[in-house]
Amino acid sequence: MRRKIFAVVGLAAAMLVAMESAVAGDKDKPLEKRIDAAPIAKRLLHMQTAFNPALPGSGEAVRVFARSVKQMSGGGLAIKIVEPGRIASTGDMVDAIVNGDLEAAFTWSGYAANKAAVFGVFATVPFGPGPEDMTSWMLEGDGSRIHRDAYDKLGVAGIPCGIQGAKGGGWFRGDLNGVADLKGLRLRYGRFAGEVMARLGATLVPLPPGEFFYKLQQGTVDGGEMSTPSIDAALGFDKLGLPYYVPGWQQPSALLDFLMRKDKWEGLPATLRAQIETACRANIAWMLSRSPHMQGLAIDKLRASGVVIRQWSPELMKAFRAKSDIVLKEEADRDADFAAALANQRAFIGQNVGWRTLSRLP
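A brief structural summary. All figures in this text were calculated on a predicted structure; none of them were measured in a lab.

Criteria and thresholds
- Residues numbered from 1 in each chain as written.
- Predicted model: local features only at pLDDT ≥ 70, side-chain atom pairs only at ≥ 80, totals over all residues.
- Heavy atoms only, no water.
- Helix = DSSP H or I, 4+ residues; strand = E, 2+ residues; numbered from the N terminus.
- Buried < 20%, exposed > 50% of the residue type's maximum accessible area, 1.4 Å probe, protein only.
- Contact = heavy atoms within 4.5 Å.
- Axes fitted to C-alpha atoms, helices over the stretch in contact; angles between N-to-C directions.
- Left-handed = near helix turned anticlockwise from the far one by under 90°.
- Nonpolar A, V, L, I, M, F, W, Y, C, P; charged D, E, K, R; others polar.
- Parallel < 35°, antiparallel > 145°, perpendicular 65-115°, else oblique.
- Pairing = 2+ DSSP bridges.
- Right-handed = clockwise from strand over helix to strand, strands pointing away.
- Salt bridge = Lys/Arg side-chain N within 4 Å of Asp/Glu carboxyl O.
- 1 Å grid on protein atoms, 1.4 Å probe; cavity = no way out; pocket = protein on both sides within 12 Å on 5 of 7 lines; lining within 4 Å.
- Points joined across faces, edges and corners; volume = space filled by probe spheres on them.
- Disulfide = S-S within 2.5 Å.
- Core = buried A, V, L, I, M, F, W, Y, C linked by side-chain atoms within 4.5 Å.

### Structural notes on unusual backbone geometry
Item 1. Across the junction of Val 246 and Pro 247, the peptide omega takes the value 0 degrees, indicating a cis bond.
Item 2. Structurally, Pro 247 can be placed in the loop between β9 (244-246) and β10 (254-261).
Item 3. Phi angles above zero are rare outside glycine, and Phe 127 is one such case at about 60 degrees.
Item 4. Inspection of the secondary structure assignment puts Phe 127 in the loop between α5 (120-123) and α6 (131-139).

Here you go:
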C-alpha cells in the first residue's frame, strides 16, 4: 500500500509543470492526439465549487484540478465548474450530493462537520498540524482511511483534493495585547476558535464570509478571521486600515475535498476514478508548492498598502492554547469518532517531532 501511495505522489509531483498553465489562463490548449489507443467516450461532469475560482489558493485549485482531469483523461472527462451557491448553498453541498441535486462538489472538509463532528479534524483544529504534517498524515498515515470512512457513512465518496495553508489570525478594530482586551468584542470566528474566544470574554457574531468585510467596515463587528493572507489581500481587506494579527492558530491547515455520491462514483469507469484520484493528489502537491511563496507576496502587498502586521502576544497565545485544549477535549468526550481521529492524528504527528527538531537548522 505504501509503495502505491509513493507512486501516486511521484506522479502528482511530475504533473506540476503541466498544471501551471491552468493558473495563467482558462482557455484549453489542444490535446495531443492519442496514438495506438481506442477513442475515449466524452463525459461532462458538473461540479459546484465552494470557492470563487478567481481567488488565489483554493479558488485557483478548482481550475487546476479541472484542467488536470481533462488532460489526464485525454479529454475523456471534462469538468464544468459551477460557481458557489448556484445549485446549492455552500454549507448544504453534502446534502445536495446525496439527494442527487449535485453531480460533484469541490469543497472544504469543515462544511461536512454539521453532518459528523469528525470532519472538524480535517478542517480546523486549533494549534493542529500545518500543511506538511497534514499531508503526511493523509497520505502516509491513517488520515485518508478515516476521511474515506467518514464520508462512506454519509453515502458519499470523498477524495482529498487539496490542502490549504494557514489562515491569518484575523483583522481587528483595536489593539489586542492581553486577554482583557477581548472582553465584550464582537468577533467572527469558526466553531472551535469561536468557542475559545467566547470563553475568553468575546461575543460571537455568526456571519457568512461575504458579509464580514462590510460589517467590519461599518463597525457592526470588532474583528475576526477571514482566510489566508493571499485571499484577504485579494478581497481588499488592506483598504480597511486595520491591523492584521498572525499566526492563524485557529486553522494551521485545512483539507479540500472532491465529492460525488458513492453510487455515482462507483459507476464511473475505474480508469476515470484513478485519474480523478491522481489529479487530486497532484492538486495537493501543487498547493503545497505554491502557498508559501504566494503568502509571502501577499504579506508584502499588505505591508505596502499600509497594513500593520502584528504577532499575538505571548499572553494571548498561551490563553488560546489552553482554551483550545479544553474545547477539543469536550468535543472528543461528546463524539467517539472525533476523539479517535484526533488521537490518531496527534499520535502520528508526535512520532515526527524528534526528527523535525533534529532536522531544522538553528
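The rest of the description comes next.
### Notes on helix α8 (residues 191-199)
Item 1. What α8 keeps buried is the set Phe 192, Ala 193, Gly 194, Val 196 and Met 197.
Item 2. On its buried face, α8 is in contact with α5, β6 (186-188), β7 (203-204), α13 (314-334) and α14 (336-350).
Item 3. Directly beyond the C-terminal end of α8, a positive phi value near 110 degrees is found at Gly 201.

### Some thoughts on the packing of helix α3 (residues 58-72) against helix α12 (residues 270-304)
Item 1. Following both chains from N to C, one finds α3 and α12 inclined at 140 degrees, their axes separated by 9 Å at the closest point. Between α3 and α12 lies a crossing whose hand is right-handed. For the pair α3 and α12, contact is made by Ser 58, Glu 60, Ala 61, Val 64, Phe 65, Ser 68, Val 69 and Met 72 and by Gln 275, Ile 276, Thr 278, Ala 279, Cys 280, Asn 283, Trp 286, Met 287, Arg 290 and Met 294, respectively.
Item 2. Counted by class, the contact of α3 with α12 contains 11 nonpolar, five polar and two charged residues.

### Examining the packing of α6 against α12
Helix-helix packing: each pair is described by the crossing angle between the helix axes and the interaxial distance.
Item 1. At their nearest, the axes of α6 and α12 sit 11 Å apart, and the two run at 165 degrees to each other. With respect to α12, the element α6 is oriented roughly antiparallel. With respect to the hand of their crossing, α6 and α12 are arranged in left-handed fashion. Along the contact surface, α6 presents Pro 131, Glu 132, Thr 135 and Leu 139, while α12 presents Arg 281, Ile 284 and Leu 288.

### Focus on the pairing of strand β1 (residues 43-49)
Item 1. Looking at chain direction, β1 and strand β2 (residues 77-82) are connected through six bridges and run parallel. Counted as the bridge partner of Leu 45 is Ile 79 from β2.
Item 2. Each parallel crossover has a hand, and for β1 linked through α3 to β2 it is right-handed.
Item 3. Where β1 lies against strand β3 (residues 104-108), three bridges are found, and the strand directions are parallel. What sits directly across from Gln 48, in β3, is Ala 105.

### Regarding the pattern of salt bridges
Item 1. Summed over the entire model, instances satisfying the criterion amount to 19 salt bridges.
Item 2. The partner of Lys 115 in a salt bridge is Asp 95, and the shortest N-O contact between them spans 2.8 Å. Here the residue Lys 115 occupies a position in the loop between β3 and α5, and Asp 95 occupies one in helix α4 (residues 93-99), the gap between them amounting to 20 residues.
Item 3. Classification of Asp 95 by relative accessible area gives partly exposed; the value is 30%.
Item 4. We note a salt bridge from Asp 175 to Arg 310, for which the minimum N-O separation is 2.1 Å. Separated by 135 residues along the polypeptide, Asp 175 in the loop between β5 (170-172) and β6 and Arg 310 in strand β11 (residues 309-311) bring together distant segments of the chain.
Item 5. Residue Arg 310 is classed as partly exposed on the basis of its relative accessible area, which comes to 28%.
Item 6. Several salt bridges share partner residues, and in doing so they unite Arg 191, Glu 195, Arg 199, Glu 330, Glu 331 and Arg 334 into one network.

### Some details on the layout of surface pockets
Item 1. By volume, the largest pocket is sized at about 1300 Å³.
Item 2. Contributing to the lining of the largest pocket are 43 residues, with Trp 108, Tyr 111, Lys 167, Arg 188 and Pro 209 lying nearest its centre.
Item 3. Looking at the lining of the largest pocket, the elements that each hand over two or more residues are α3, α5, β6, α8 and α9 (209-218).
Item 4. In terms of residue count, the dominant contributor to the lining of the largest pocket is α9 (four residues).
Item 5. Looking at side-chain class alone, the lining of the largest pocket contains 25 nonpolar, 14 polar and four charged residues.

### Topic: the side chain of Gln 250
Item 1. By the element assignment, Gln 250 lies in the loop between β9 and β10.
Item 2. When sequence neighbours within four positions are dropped, the list of residues in contact with Gln 250 reads Thr 124, Val 125, Pro 126, Lys 167, Gly 168, Gly 169, Tyr 189, Ala 193 and Glu 225.

### Considering the pairing of β3
The side chains of a regular strand alternate between the sheet's two faces.
Item 1. For β3, the buried fraction is high: four of the five residues fall into the buried class.
Item 2. The sheet contact formed by β3 and β10 spans five bridges and is antiparallel. From the neighbouring strand, Trp 108 faces β10, where its bridge partner is Leu 256.

### Here's the deal with the state of the cysteines
Item 1. This model, assessed by the stated rule, comprises one disulfide.
Item 2. The disulfide that involves Cys 161 links it to Cys 280, with 2.2 Å between the sulfurs. Here the disulfide of Cys 161 and Cys 280 is left-handed, its torsion about the S-S bond being about -85 degrees. Highlighted residues: Cys 161 in strand β4 (residues 156-164) and Cys 280 in helix α12, separated in sequence by 119 residues. Exposure class is identical for Cys 161 and Cys 280. Each is buried.

### Points about the nonpolar core
Item 1. Among the nonpolar cores identified, the biggest contains 80 residues, and Phe 65, Phe 106, Leu 182, Phe 258, Ile 276, Trp 312 and Phe 320 are the most heavily contacted of them.
Item 2. At seven residues, the largest contribution of residues to this core is made by α12.
Item 3. Residues Leu 216, Val 221, Val 246 and Ile 309 belong to the second largest nonpolar core, which totals 18 residues.

Function cannot be read off these values alone, since they describe shape.
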